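Okay, here's what each chain looks like letter by letter:
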Amino acid sequence: MHVLSTLLPVVGLLSQLSAAKYSLKDDYGSTDSFFDKFNFFTDTDPTNGYVSYVDRNTASSGGLINASSSNGVYIGVDHSNTASKPGRQSVRLESTNTYTHGLVILDLAHMPGSVCGSWPAFWMLGSDWPKNGEIDIIEGVNDQSSNQMTLHTSSDCSISNSGFTGTISTDDCYVDASGQTVNAGCAIDNGNSESFGSGFNNAGGGVYATEWTGSAINVWHFPSYSVPSDISSGNPVPSNWGTPAARFAGSCDIDSHFNNLQIVFDITFCGDWAGESSVWSSGSCASKADTCNSYVQNNPSAFEETYWRVNSLKVYQESSLLDVDVGIDINVDIDIDGKSNSKSSKSDSKSDSKSDSKSNSKSDSKSDSKSDSKSSSKSDSKSDSKSDSKSSSKSDSKKSSSKQSTRDTAPYVRPGPRPSTKHRRDHYRRGHGHGHVHA
C-alpha cells in the first residue's frame, strides 16, 4: 500500500501533463479589432455566386459588419436593397495568419439561417489550391437543415467510414476523383438538425471545434446547452469530448495534403451549388422564383437572418509533452515481509541554504535521503538510521546556488509555426464547395 501511495500522486501529475495538450495561439477577440486580423476579399466570387464582396469601409458604412464586447462580431449581408449585378452585397473574410495543425474553436451565437439562395461557409483554405488543401467546417445551401463537412485535396487522399457520428456521402477527397461529381471531395453530413442554419439558431447557437493533427482532422459540434466545460474555461481537451461528428482519416497523408491554411468566413448566393438548376428545383425554393438569382436579387428582406454572430474564435496549438521535466525521482524498496521503505526526493536542488521541511528538524541529524544538495546535512530520520550519508550532485557541484533551471519551474511550450505570407484568393484554381453531391 505504501508503494501505491507513493506512485498515485505522480500518476496524477503525469495525467495532468498529458491533458494539458493545447495552448492558446490566437484569440481573435470580439471587438472591432477582430477585423484587423482578416483581409476583405473583393474579387469576383470563384464559385460564380450572385454576390458582390465589399471592402471593410463599405461593409462598415453599409451595416454589413460591426462588433462590440457585449454583442460579439456581426458579419452579414445587405438585406435592405434590391440587388444589381454582380449580386447582393456581402462580406468574405480571409485571415492574415495561416495555420498548419491546431485546434480551431468557433463559438457562435448565430449563423446564417436556412434561407433559399444563401450559401454560407466557415472554412480553411490553402494557396495553390487544391495542393495545400481545403477544410470545410460549416457549409450548406438554401433550406438545408444539417451541416456538411468536407475536405478537398489533390490526388491520393481518401477516408475511412468509421470513427464519427455523421454519415459519409463521398470518401475520395481528390477534387477530380473518378466516380464522384467534380470537386465533391470527401464529405460527411452531420445529420443533426441543430448543426446548421435555422435549427442551429433555434438551439441558441453553439460551438464548432476542429482538431487538425498529422493523423486526422476531426470536427465536433456542440449545441449551446452542451458545450464542454474545458472549452468554456479555455483549457480544451479533445480526448474528453467523445466521438466527433466528422473524422477525416484513412488512406491519406494529412501533412502532405494540408499546409498553411487561412481561416475564411463568407456568405455567397446561388452560384455553383445553391443556384445549380437541379438543386434549386429539387426543394421548396423553386416555388419562390424561377431562378436562384432572381429570388436573391428581388427579395432583400428574406436575408435578415443571413449573418454570423461570433462570440469568439480561438486557435490553439499543441504543446510538447516531450519537453516537460517533472523533476521528481522515486525510489521504492520493498522487503520480503511486505514492508516498504520509500525514498523520494526532489532532484536537482541547487540551494546551499538550510530549509525547515516537514520531514526534517533544524537540529543536526543523520539521514538516508538521496538529495542532490551540494552540502551534507545530518538529520534524524524516522527509521532511526545511524549511518551518515553524504550526498552531492555532480551536475550541480560547479553551479551557483542562486541559479535555478527553467525546467525546474515550468514545462516548456514549443511555439507554433510562423504565419506564412498572405494569399490572394485569385491565385487559386477554384475551391470552396462547388460540385457537391446533391441529394
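Anything mentioned here points back to the structure above.
Below you will find a few notes about this structure. Computed from a predicted structure; not experimentally measured. (Residues numbered from 1 in each chain as written. Predicted model: local features only at pLDDT ≥ 70, side-chain atom pairs only at ≥ 80, totals over all residues. Heavy atoms only, no water.)

## Description of the state of the cysteines
In a disulfide, the sulfur atoms of two cysteines are covalently bonded to one another.
Then, number 1: Here the structure, examined in full by the defined rule, presents 4 disulfides.
Then, number 2: Across a sulfur-sulfur distance of 2.0 Å, cysteine 157 and cysteine 252 are joined as a disulfide pair. Here cysteine 157 and cysteine 252 share a disulfide; its torsion about the S-S bond, -90°, makes the bridge left-handed. Separated by 95 residues along the polypeptide, cysteine 157 in strand β12 (residues 157–159) and cysteine 252 in strand β18 (residues 250–252) bring together distant segments of the chain. The residues cysteine 157 and cysteine 252 share a single accessibility class, namely buried.
Then, number 3: The disulfide partner of cysteine 270 is cysteine 292, and the gap between their sulfur atoms is 2.0 Å. Disulfide cysteine 270 to cysteine 292: torsion about the S-S bond roughly -90°, handedness left-handed. Of the two residues, cysteine 270 sits in the loop between β19 (261–269) and α6 (277–280) while cysteine 292 sits in helix α7 (residues 292–298), which places them 22 residues apart along the sequence.
Then, number 4: Since its relative accessible area comes to 3%, cysteine 292 is described here as buried.
Then, number 5: When the cysteines engaged in disulfides are numbered in sequence order, the chain pairs them as 1-7, 2-5, 3-4, 6-8. (Disulfide = S-S within 2.5 Å. Helix = DSSP H or I, 4+ residues; strand = E, 2+ residues; numbered from the N terminus. Buried < 20%, exposed > 50% of the residue type's maximum accessible area, 1.4 Å probe, protein only.)

## A short note on unusual backbone geometry
Then, number 1: Cis geometry marks the peptide bond from lysine 85 to proline 86; its omega dihedral reads 10°.
Then, number 2: A cis amide bond links tryptophan 129 to the next residue, proline 130, at an omega of 0°.
Then, number 3: Positionally, proline 130 belongs in the loop between β9 (118–126) and β10 (134–139).
Then, number 4: With phi around 60°, asparagine 48 is a residue other than glycine that occupies positive phi space.
Then, number 5: With respect to the helices and strands, the residue asparagine 48 is situated in the loop between β2 (38–40) and β3 (51–53).
Then, number 6: Classification of asparagine 48 as exposed rests on a relative accessible area of 54%.
Then, number 7: With a phi close to 70°, aspartate 156 is a non-glycine residue in the positive phi region.
Then, number 8: Within the fold, aspartate 156 resides in the loop between β11 (148–152) and β12.

## Some points on the sheet that holds strand β7 (residues 92–95)
Then, number 1: In space, the 8 strands of this open sheet follow the order β2-β7-β19-β9-β10-β11-β14-β13, with antiparallel pairing throughout. At either margin of the open sheet sits one strand with a lone partner, and together these are β2 and β13 (167–170). This sheet shows a mean twist of 20° between the axes of neighbouring strands, independent of strand direction. (Pairing = 2+ DSSP bridges. Axes fitted to C-alpha atoms, helices over the stretch in contact; angles between N-to-C directions.)

## A closer look at the packing of aromatic side chains
Then, number 1: Applying the stated rule across the entire model yields 19 aromatic pairs.
Then, number 2: Between tyrosine 28 and phenylalanine 38, the ring centres sit 5.3 Å apart and the planes meet at 40°, which makes this aromatic pair tilted. Of this pair, tyrosine 28 sits in the loop between β1 (22–27) and β2 while phenylalanine 38 sits in strand β2, and the two are 10 residues apart along the sequence. The pair formed by tyrosine 28 and phenylalanine 38 is uniform in burial state, with each residue classed as buried.
Then, number 3: Seen in terms of ring centroids, tryptophan 212 and phenylalanine 258 are 6.5 Å apart; in terms of plane orientation they differ by 75°. Their pairing is edge-to-face. Pair noted here: tryptophan 212 is in strand β15 (residues 206–212) and phenylalanine 258 is in the loop between α5 (254–257) and β19, with a separation of 46 residues, a long-range link.
Then, number 4: Classification of tryptophan 212 as buried rests on a relative accessible area of 3%.
Then, number 5: Every member of this aromatic cluster is reached through a ring pair, and the members are Tyr28, Phe34, Phe35, Phe38, Phe40, Phe122, Phe265 and Trp308. (Phe/Tyr/Trp six-rings, centres within 6.5 Å; stacked < 30°, edge-to-face > 60°.)

## What to know about the pairing of strand β4 (residues 65–68)
Then, number 1: As defined by bridge partners, β4 adjoins strand β5 (residues 72–75) across 4 bridges and the pair is classed as antiparallel. Counterpart to isoleucine 65 in the pairing with β5 is isoleucine 75.
Then, number 2: Where β4 hands over to β5, the hairpin turn is made up of 3 residues, counted between the paired strands.

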